[in-house]
Amino acid sequence: DLIAATLQTTLDPRYSSWRVAEQFKRLRLSGPVQAAGRTTVVPISLNFPFFHKGPRDFTDTSRELPEYLSEVRRNVEPILGPLVKAMSALIEAGLRYERGEVSKAESVAETLAGNVDNLSPELRFCAMVLHEEILRVQGKDAEPETIGDMIKDTAAFYLSANYLAFTTNIELDNGDENAAVKWLEGQSPIRSTQLYKVYQHFTTAKAMMVTGKLSAAEKLLDRLVNFSSDYRRSADHIEALALRAVCLWRLKRTKESVAVFTDAILKAREFELIMPIIKNGGAVLPVLQKMLNRLKYGYGEDKLDKAFVNSLLMRSREISKHTPGMFSRAKSRPIKLSPRQSEVIGYLVQNLSYREIGAKMGVTVAAVDYHIRVLHEKFDALNTRELLEKAGELGFVEI
């Protein structure tokens, strides 16, 4: 709580998990604190907005905080100094990661992860998980087992549930259905969404999606959307929206999927947090491709920036090279083409224009365009050149 109040003066409130809220929970803390060689009792009244929902002017709090912070610094700064420094580094690395500044985030996280010996097990766990996650999305060698060793060494076994969720997430992002089944077997029914289990709730939703329990996953993700919005957890909110859109897409509820994904993209643009969308790699590509195709023909231009959506698509594709996505195993199944689609690919190999293809097939240019867009989605191709390359690799055509 002391750290939360201290950092609140330096964090941009738009990005902070501790968003200023309508009502404040007053905590009266008192306890012995060892400072400057003496033991003293420090009574501190803190504004702690973490549990509340409504908006409130940030300046209201900033006028009150100096009084509390001066008391904190005077009595406990000798103790909190290194801790606040570590927390600041952790938040900087996390924020840079969520913004997509992965190389800068890696530099900060690597330094922090290399100096965790004097931190509490909780902070050590956070620093190590963040560092491994940053390495993972770049396709670099990660060693998550070192986190398990740390838990054993420090006897912090209460961190084991989130560690298991972290390692399971890595397997789910590669479409491992066995990992999904194992995770779900070890979970109790979620009767209420709990703050300290949010990371585990996301793992449960993804495991449901991998095992084909899409309706149950969609309901859980809807709860996570509302929960993260209530608690002003922007990154979680964006990720929940993106995953729900993917789930709706798999349920063939395309219109709803596009609407939900539009909300996710608008939030990502507003808060400059793109990693909650793109870190899922191949899972989000079909929906992003669909939205880019719609923008190409003017649909949604009043809300979305085409260049921004395209950048999300390109970054997701980059991550998908080493994070195939939750449904990568399903993608390995044979692709089936209709006679019309096979005919269109044959004409594309001959480098015919849409108009020429339409004339040969006896259909309109719009119909040809529709067939080609469907082919892009089936082959997960960004453009016609890539479509033909993948079709050639799979033996559909000779190029």
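On a predicted model such as this, the values are computed, not experimentally measured, just so you know.

**As for helix α8 (residues 198-210)**
Okay, step 1: Taking 1.5 Å of rise per residue, 13 residues should cover 18 Å, and α8 covers 19 Å from first to last C-alpha, within 8% of that figure.
Okay, step 2: Within α8, 12 of the 13 residues are buried, leaving the element largely enclosed by the surrounding structure.
Okay, step 3: The complete set of buried residues in α8 reads Val 198, Gln 200, His 201, Phe 202, Thr 203, Thr 204, Ala 205, Lys 206, Ala 207, Met 208, Met 209 and Val 210.
Okay, step 4: Buried residues along α8 sit in contact with α6 (160-172), α7 (177-185), α9 (214-230) and α10 (234-250).
Okay, step 5: Positioned one or two residues after α8, Gly 212 has a phi angle of 85 degrees, which is positive.

**Focus: the packing of aromatic side chains**
Okay, step 1: On inspection of all chains with the given rule, the structure shows one aromatic pair.
Okay, step 2: Each ring, one from Phe 227 and one from Tyr 231, has its centre 4.7 Å from the other, and the planes form 40 degrees; the classification is tilted.
Okay, step 3: Residue classification places Phe 227 among the buried residues on the basis of a relative accessible area of 12%.
Okay, step 4: Sitting over the face of the ring of Phe 327, Arg 250 holds its NZ or CZ atom 3.9 Å from the ring centroid.
Okay, step 5: Sitting over the ring of Phe 308, Arg 269 keeps its end group 5.0 Å from the ring centre.

**Overview of the pattern of salt bridges**
Okay, step 1: Counted by the stated rule, this structure contains 18 salt bridges.
Okay, step 2: One salt bridge in this structure joins Lys 140 and Glu 106, with 2.9 Å as the shortest N-O distance. Of this pair, Lys 140 sits in the loop between α4 (121-137) and α5 (145-154) while Glu 106 is found in helix α3 (residues 102-113), placing the two residues 34 residues apart along the sequence.
Okay, step 3: Judged by its relative accessible area of 40%, Lys 140 is partly exposed.
Okay, step 4: The exposure class of Glu 106 is buried, given its relative accessible area of 12%.
Okay, step 5: In this structure, the salt-bridge partner of Asp 305 is Arg 269, at a minimum N-O distance of 3.1 Å. One end of the pair, Asp 305, is in the loop between α13 (285-296) and α14 (306-320); the other, Arg 269, is in helix α11 (residues 254-271), and 36 residues separate them in sequence.
Okay, step 6: Arg 269 gets classed as partly exposed once you look at its relative accessible area, which sits at 44%.
Okay, step 7: In this structure, a network of salt bridges that share partners links the residues Glu 133, Arg 136, Asp 173 and Lys 206.

**Some words on the packing of α9 against α10**
Okay, step 1: It is the contact of α9 with α10, at a shortest axis distance of 8 Å, that shows an interaxial angle of 155 degrees. Taken together, the axes of α9 and α10 lie roughly antiparallel to each other. At the point where α9 passes α10, the crossing takes the left-handed sense. Contacts from Leu 214, Ala 217, Glu 218, Leu 221, Asp 222, Leu 224, Val 225, Ser 228 and Ser 229 of α9 reach α10 at Asp 236, His 237, Ala 240, Leu 241, Leu 243, Arg 244, Cys 247, Leu 248 and Arg 250.
Okay, step 2: Class assignment for the residues of the contact of α9 with α10 results in 10 nonpolar, three polar and five charged.

**Remarks on the environment of Glu 239**
Okay, step 1: As for its position among the elements, Glu 239 is in helix α10.
Okay, step 2: Take Glu 239: its relative accessible area is 8%, and that puts it in the buried class.
Okay, step 3: The spatial distance from the C-alpha of Glu 239 to the C-alpha of Leu 221 is 9.4 Å, given a sequence separation of 18 residues.
Okay, step 4: Contact partners of Glu 239, with chain neighbours within four places excluded, come to Phe 202, Pro 276, Lys 279 and Asn 280.

Reading guide: rules and limits
Residues numbered from 1 in each chain as written. Predicted model: local features only at pLDDT ≥ 70, side-chain atom pairs only at ≥ 80, totals over all residues. Heavy atoms only, no water. Helix = DSSP H or I, 4+ residues; strand = E, 2+ residues; numbered from the N terminus. Expected span 1.5 Å × (residues − 1). Buried < 20%, exposed > 50% of the residue type's maximum accessible area, 1.4 Å probe, protein only. Contact = heavy atoms within 4.5 Å. Phe/Tyr/Trp six-rings, centres within 6.5 Å; stacked < 30°, edge-to-face > 60°. Lys NZ or Arg CZ within 6 Å of the ring centre and 35° of its normal. Salt bridge = Lys/Arg side-chain N within 4 Å of Asp/Glu carboxyl O. Axes fitted to C-alpha atoms, helices over the stretch in contact; angles between N-to-C directions. Parallel < 35°, antiparallel > 145°, perpendicular 65-115°, else oblique. Left-handed = near helix turned anticlockwise from the far one by under 90°. Nonpolar A, V, L, I, M, F, W, Y, C, P; charged D, E, K, R; others polar.

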